[in-house]
Amino acid sequence: MNRDGLTASASATTVRIQVEGDGIMPEPSDEFVMTPRLEELTERALTYLEVGYPVHFAGPAGTGKTTIAFHVASKLGRPVILIHGDDEFGGSDLVGKDAGYRKSRLVDNFIHSVLKTEEEMRTLWVDNRLTTACQHGYTLVYDEFNRTRPEANNALLSILSEKMLNLPKLRTSGEGYMEVHPNFRAIFTSNPEEYAGTHKTQDALMDRLITIRLGHYDRETEIAVTMAKSGISKKDAEIIVDIVRELRGVGVNNNRPTIRACIVIAKVLAHRGIRARAGNPVFRRICQDVLSGIDTAKVTCGGQSLMPQKVDEATRKVVQAVLRTDEINEKE
């Protein structure tokens, strides 16, 4: 008590705010096609995840990494937390961070001659998605995780090996470490051939992942997916897929056309109500617009891109081959 009959005391604590309701329950899409290839990939991934190991789908753009990741996650029957890799991410964007302060003041003047004042300052800590997934046993889908700087992903090391999440800023409140829920599972995706906006992942993290490498689907799978996504006939889907597969021999590495090109062409054809025929100028223009944009392949002659010429050649070759096959089948 001071000369004026006033007693003051202060204390400081950390209040942890847990973010809930951030998970989603994935459901199979009506457009999802299950083929023997996809069934085999799903079974492999589920085997590793059920044992407790994280799975990493690695492959070039357009190979369905994210789609497969969500399909596998739906089989686990747990809510899913989705994170997209970002170069701007820091560790706090995954784990959590201080989000301000809360101050409270209590004035007690019950005895007229004594004024008692108490103040409390609380630091507010807000969990982020990785912490939420670890605490509640959700499935983490970390899409294109190599777009995040390696140091930001360091929190994953103890999570995947020791099953412990390190929360250094909460140590003063007695919550410096959090045990990972036994149902927590992690699925990662990355494009190892991408060079723009990606980072080399630390060996320590890669050593904790089981990597399943994906390439372009087999022909039957690509035809089935194209039909399901667009609603076009099987014959038109076969022509579109064969054109794209023919063009994969042109260009290098990550610049080859993917199944996304098949789906785009097929959806536009369905919208216009036209068939995939070499004699149809609209079909040829659609193929040129979608496929000739692969200029990054640097397929040139005399400084001019050869892609428009290659697209026309592939279109004529594939359509003629399909029509010849139809004629032979009709005669038989």
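Not measured: the values here are computed from a predicted model. (Residues numbered from 1 in each chain as written. Predicted model: local features only at pLDDT ≥ 70, side-chain atom pairs only at ≥ 80, totals over all residues. Heavy atoms only, no water.)

Undergrad: Got a minute to help me understand empty space enclosed by the protein in this structure?
TA: Here the idea is plain: a probe the size of a water molecule rolls over the atoms and shows the empty space left. Scanning the entire structure with this criterion turns up one cavity of 30 Å³ or more. One number sums up the size of the largest cavity: a volume of about 40 Å³. Looking at the largest cavity, the residues that line it are Gly52, Tyr53, Pro54, Leu160, Lys163, Phe184, Arg185 and Ala186. In the lining of the largest cavity, the residues fall into five nonpolar, one polar and two charged. (1 Å grid on protein atoms, 1.4 Å probe; cavity = no way out; pocket = protein on both sides within 12 Å on 5 of 7 lines; lining within 4 Å. Points joined across faces, edges and corners; volume = space filled by probe spheres on them. Nonpolar A, V, L, I, M, F, W, Y, C, P; charged D, E, K, R; others polar.)

Undergrad: I'm lost on the pairing of strand S3 (residues 80-84) in this one. Help?
TA: Most of S3 is tucked away: four of the five residues are buried. The pairing of S3 with strand S6 (residues 139-143) spans five bridges and is classified as parallel. Bridge pairing in S6 places Leu82 opposite Val141. (Buried < 20%, exposed > 50% of the residue type's maximum accessible area, 1.4 Å probe, protein only. Helix = DSSP H or I, 4+ residues; strand = E, 2+ residues; numbered from the N terminus. Pairing = 2+ DSSP bridges.)

Undergrad: Would you mind going over helix H1 (residues 36-51) with me for this structure?
TA: Note: α-helices contain 3.6 residues per turn, so residues at a spacing of three or four share the same orientation. Taking 1.5 Å per residue as the helical rise, H1 with its 16 residues ought to reach 22 Å, and the 23 Å between its terminal C-alpha atoms agrees with that figure. Looking at H1, one finds that the buried residues are Leu38, Leu41, Thr42, Ala45, Leu46 and Leu49. When H1 is viewed along its axis, its buried side chains cluster within an angular range of 130 degrees and face the same direction. Opposite the buried face of H1, at more than 90 degrees from it, the exposed residues are Pro36, Glu43, Glu50 and Val51. In this structure, the buried side of H1 is in contact with strand S2 (55-58), helix H2 (65-76), strand S9 (185-190), strand S10 (210-213) and helix H7 (219-230). Downstream of H1 by one or two residues, Gly52 has phi in the positive range, about 115 degrees. (Expected span 1.5 Å × (residues − 1). Arc of directions from axis to C-beta. Contact = heavy atoms within 4.5 Å.)

Undergrad: Even after reading the chapter, I still don't get the environment of Leu140, so can you show me in this structure?
TA: Considering the arrangement of structural elements, one finds Leu140 in strand S6. Note on Leu140: relative accessible area 0%, which makes it buried. In this structure the C-alpha to C-alpha distance between Leu140 and Arg185, which are 45 residues apart in sequence, comes to 6.1 Å.

Undergrad: Mind showing me how you'd approach the sheet that holds S9 here?
TA: The strands making up a sheet associate through backbone hydrogen bonding, with each pair oriented either parallel or antiparallel. Taken in spatial order, the five strands line up as S3-S6-S9-S2-S10 in an open sheet, and their pairing is parallel. Since the sheet does not close on itself, it has two edges, and those belong to S3 and S10, each with one partner. Strand-to-strand, the axes of this sheet are offset by a mean angle of 20 degrees, without reference to chain direction. Bridge analysis of S6 against S9 gives four bridges, and the strand direction is parallel. Paired with Thr139 across the bridge in S9 is Arg185. Along the sheet, H1 contacts S2, S9 and S10; its crossing angle with S10, the most-contacted strand, is approximately 175 degrees. Here helix H4 (residues 129-136) sits on the sheet and contacts S3 and S6; the angle it forms with S3, its principal contact strand, is near 155 degrees. (Axes fitted to C-alpha atoms, helices over the stretch in contact; angles between N-to-C directions.)

Undergrad: Explanation requested: the packing of aromatic side chains in the structure shown.
TA: For any pair of aromatic rings, the description rests on two quantities: the centre-to-centre distance and the angle between the ring planes. A complete count under the given rule lists three aromatic pairs for this structure. Look at Tyr142 and Phe188: their rings are 5.9 Å apart centre to centre, the planes differ by 35 degrees, and that puts the pair in the tilted class. Of this pair, Tyr142 sits in strand S6 while Phe188 is found in strand S9, placing the two residues 46 residues apart along the sequence. Between Phe145 and Phe188 the ring centres are 5.3 Å apart and the planes differ by 75 degrees, which places this aromatic pair in the edge-to-face class. Residue Phe145 is found in the loop between S6 and helix H5 (155-161), and its partner Phe188 is found in strand S9; the two are separated by 43 residues along the sequence. (Phe/Tyr/Trp six-rings, centres within 6.5 Å; stacked < 30°, edge-to-face > 60°.)

Undergrad: Hey, could you run me through the pattern of salt bridges in this one?
TA: Two side chains carrying opposite charge are able to pair once their charged atoms lie near each other. Inspection of the entire model under this criterion finds 11 salt bridges. For Asp203, the salt bridge goes to Lys200, with nearest N and O atoms at 3.8 Å. Assessed through its relative accessible area of 69%, Lys200 is described here as exposed. Arg277 is the salt-bridge partner of Asp236, the closest N and O atoms lying 3.4 Å from each other. Residue Asp236 is found in helix H8 (residues 234-247), and its partner Arg277 is found in the loop between helix H9 (259-272) and helix H10 (281-291); the two are separated by 41 residues along the sequence. With relative accessibility at 24%, the residue Arg277 sits in the partly exposed group. (Salt bridge = Lys/Arg side-chain N within 4 Å of Asp/Glu carboxyl O.)

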